[in-house]
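Overview (structure and organization)
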Amino acid sequence: MKIYKTIADMRAASRTARYTGKRLGLVPTMGALHEGHLSLVRAARAKCDGVAVSIFVNPLQFGPSEDLAKYPRTFERDRELLEKEGVDILFAPTPEEMYPTGAVTYVTVEGLSEKLCGKSRPGHFRGVTTVVAKLFHIVEPDAAFFGQKDAAQATIIRRMVQDLNLPVEIAVCPIVREPDGLAMSSRNAYLSPQERKSALVLHRALTEVKNRFDQGERNAINLIAAGTQVLTQDPTVRLDYFEIVNPVTLDPVPELTSCALVAGAAFVGNTRLIDNILLP
Ligand code: PAF
């Protein structure tokens, strides 16, 4: 596995791969890799001739009171995991390389970026789309792989790619869960043993909504109330949002007559966790 830290080296390597007719897949990450990331790497490997993974804790997508400084950084372990998965290229730039002093250009997907997590994390999606657009220009992948866990992120990135005519195929891969149902996340590492138990309420709330849906309930207000009731049972959990939306527009739907995204976010202690399901 080749490791590149500069944009020039990364671009040269990707151009060489493309000149030889290879289809390159990119898995953008912020490191602290878990099975969810590795499932993206495997999907990229299945669809592409070469796989590049980026590790970059993107300061632009963290708010001033968020966890940028303490975000887990486990580069050596991540490198070993990626070597084992047979990844060809690891791109690990510094913040200075990605955002030299004076950079003032951003990519914003208007409207969508203020929905779901965008409501309580202003500027977050602008940071995501700016860095992903930069990564697409630097790595020039044929395809890029994202997780369904960040459902709104995936919708917004698809929209950006469509609106800016970026020549990248976007693949969104299923959520990978722990055996008890907790969605895998790098932020799970923050949870104390007690919080780890409480964190399961998000999955329980989504399961409750799915059960009610399977029993025939289609009214979004009733389904949200059922999910919210589960979420608010645990006093150590603070609900951020629990919504049922159209997966493309991210607008609330009144009735579940076609595919809908049920998405929630909650603080367990100081850790903000998200999860979702698609119905049906
Ligand atoms: O999903 C993530 O880990 C990040 O938002 C991403 C896409 C790597 C951009 O920093």
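Just so we're clear, the structure is a prediction, and the values are computed from it rather than from any experiment. (Residues numbered from 1 in each chain as written. Predicted model: local features only at pLDDT ≥ 70, side-chain atom pairs only at ≥ 80, totals over all residues. Heavy atoms only, no water.)

1. Here we look at the overall build of the protein
Inclusion rule: Helix and strand assignments come from DSSP, with helices taken as H or I runs of at least 4 residues and strands as E runs of at least 2, each series counted from the N terminus. Only C-alpha atoms enter the radius of gyration, while the globule expectation follows 2.2 Å times N to the 0.38, with N the number of residues. Residues are treated as being in contact if the distance between any of their heavy atoms lies within 4.5 Å. We get accessible surface area from the Shrake-Rupley algorithm with a probe of 1.4 Å; when it comes to residues, only the shown protein chains can shield them.
The secondary structure content of the protein amounts to 10 helices and 9 strands. In terms of overall size, the protein behaves like a compact globule, its C-alpha atoms giving a radius of gyration of 19 Å where 280 residues would be expected to give roughly 19 Å. Dimensions of the protein, computed from C-alpha atoms along their principal axes, come out at roughly 55 × 40 × 40 Å. Here the contacts in the protein between residues at least 6 apart in sequence split such that 73% fall between residues at least 24 apart. Accessible surface, the protein as shown: approximately 13200 Å² in total, 54% of it carbon and sulfur.

2. A word on the packing of aromatic side chains
Short version of the rule: Any pair of Phe, Tyr and Trp rings, taking the six-membered ring for Trp, is counted once the centres come within 6.5 Å. Such a pair is stacked with planes under 30 degrees apart, edge-to-face with planes over 60 apart, and tilted for the rest. Each residue is assigned to one of three classes by its accessible area relative to the maximum for its type, calculated with a 1.4 Å probe on protein chains only: buried under 20%, partly exposed between the two thresholds, exposed over 50%. Only Lys NZ and Arg CZ are tested; either one counts as a charge over a ring when it is within 6 Å of the ring centre and within 35 degrees of the ring normal.
All told, the structure shown has 3 aromatic pairs when counted by the stated rule. Ring centres 6.5 Å apart and planes at 65° place the aromatic pair Phe-136 and Phe-146 in the edge-to-face group. With Phe-136 in helix α6 (residues 124-139) and Phe-146 in strand β5 (residues 143-147), this residue pair connects regions lying 10 residues apart in the sequence. This pair shows no difference in class: Phe-136 is buried, exactly as Phe-146 is. Here Lys-5 stacks its cationic end above the ring of Phe-75, 4.9 Å away from the centre of that ring. Across from the ring centre of Phe-213, 3.7 Å away, lies the NZ or CZ of Arg-218, which sits over that ring.

3. Focus: the side chain of Lys-149
Which entries qualify depends on this criterion: Neither His nor the chain ends contribute to the count of charged residues, in which Lys and Arg are positive and Asp and Glu negative. For this document, the term salt bridge refers to a Lys or Arg side-chain nitrogen within 4 Å of an Asp or Glu carboxyl oxygen.
Assignment of secondary structure puts Lys-149 in the loop between β5 and α7 (151-163). For the buried residue Lys-149, which engages in no salt bridge, the nearest side chain bearing the opposite charge is Asp-150, 4.2 Å off. Not counting residues up to four positions away in its chain, the partners in contact with Lys-149 are Ile-175, Ala-183, Met-184, Ser-185, Ile-274 and Asn-276.

4. Looking at the environment of Glu-208
Note that Glu-208 resides in helix α9 (residues 201-214). A relative accessible area of 23% places Glu-208 in the partly exposed class. Separated by 17 residues in the primary sequence, Glu-208 and Ala-225 place their C-alpha atoms 10 Å from one another. Discounting residues that sit within four places of it in the chain, Glu-208 has contacts with Ala-226 and Val-230.

5. A closer look at the packing of α9 against helix α10 (residues 220-231)
Test applied: Axis geometry follows a simple rule: fit a line to the C-alpha atoms, using only the stretch in contact for helices, then measure angles between N-to-C directions, giving values from 0 to 180 degrees. In this scheme, roughly parallel covers angles under 35 degrees and roughly antiparallel covers those over 145, while 65 to 115 is roughly perpendicular and the rest are oblique. It is the rotation of the near helix from the far one that decides the hand of a crossing: anticlockwise by less than a right angle makes it left-handed, clockwise makes it right-handed. Polar here means any residue other than Ala, Val, Leu, Ile, Met, Phe, Trp, Tyr, Cys and Pro, which are nonpolar, and Asp, Glu, Lys and Arg, which are charged; Gly is therefore polar.
The contact between α9 and α10 brings their axes to 8 Å, and the two run at 150°. On the basis of their axis angle, the class for α9 and α10 is roughly antiparallel. Seen along the crossing, α9 lies across α10 with a hand that is right-handed. Along the contact surface, α9 presents Val-201, Leu-202, Arg-204, Ala-205, Glu-208, Val-209, Arg-212 and Phe-213, while α10 presents Leu-223, Ala-226, Gly-227, Val-230 and Leu-231. Its residues placed into classes, the contact of α9 with α10 shows 9 nonpolar, 1 polar and 3 charged.

6. Some words on the site of the ligand
Here is the rule: Throughout this document, a residue counts as near a molecule or strand when at least one of its heavy atoms sits within 4 Å of that molecule or strand. Each polar contact in these results corresponds to two N or O atoms within 3.5 Å; when the atoms are within protein, one needs to be able to donate a hydrogen and the other to accept it, and residues that are neighboring in sequence are counted only if both atoms are side-chain atoms.
In the vicinity of the ligand, the residues found are Pro-28, Thr-29, Met-30, Asn-58, Gln-61, Val-128, Val-131, Phe-146, Asp-150 and Gln-153. In this structure, an oxygen atom belonging to the ligand sits 2.6 Å away from a side-chain N or O atom of Gln-61. For the ligand, an oxygen atom lies 2.7 Å from a polar atom in the side chain of Gln-153. Here the ligand, which alone exposes 290 Å², has 88% of that area covered by the protein. For the shell around the ligand, the secondary-structure elements that each account for two or more residues are β2 (24-29) and α6.

7. Quick word on the domain arrangement of the protein
Our working definition: Start and end positions for the domains come from either an automated domain assignment or a database one. Buried area is understood as the total, over both parts, of accessible area removed when two parts are fitted together, assessed with a 1.4 Å probe.
Structurally, the protein comprises domain 1 (2-173) and domain 2 (186-275). Averaged C-alpha coordinates put domain 1 and domain 2 at centres separated by 26 Å. On the domain 2 side, the residues contacting the 23 residues of domain 1 number 16 residues. Taking both partners together, domain 1 and domain 2 bury about 1700 Å²; carbon and sulfur atoms supply 54% of that area. Here domain 1 and domain 2 share 3 salt bridges between them. Among the ionic pairs, Arg-187 bridges to Asp-67, the shortest N-O distance being 2.8 Å. Applying the counting rule to domain 1 against domain 2 returns 9 residue pairs in polar contact (both at pLDDT 80 or more). Among the secondary structure elements, those contributing two or more residues to the side of domain 1 that touches domain 2 are α5 (117-120) and α7.

8. Observations concerning the pattern of salt bridges
Evaluation of the coordinates by the stated rule reveals 20 salt bridges. For the salt bridge of Glu-83 with Arg-79, the shortest nitrogen-to-oxygen distance reads 3.3 Å. Note that Glu-83 and Arg-79 are positioned in helix α3 (residues 75-84) at a spacing of 4 residues, about one turn of the helix. What emerges from the salt-bridge pattern is a single network uniting Arg-23, Lys-47 and Glu-169.

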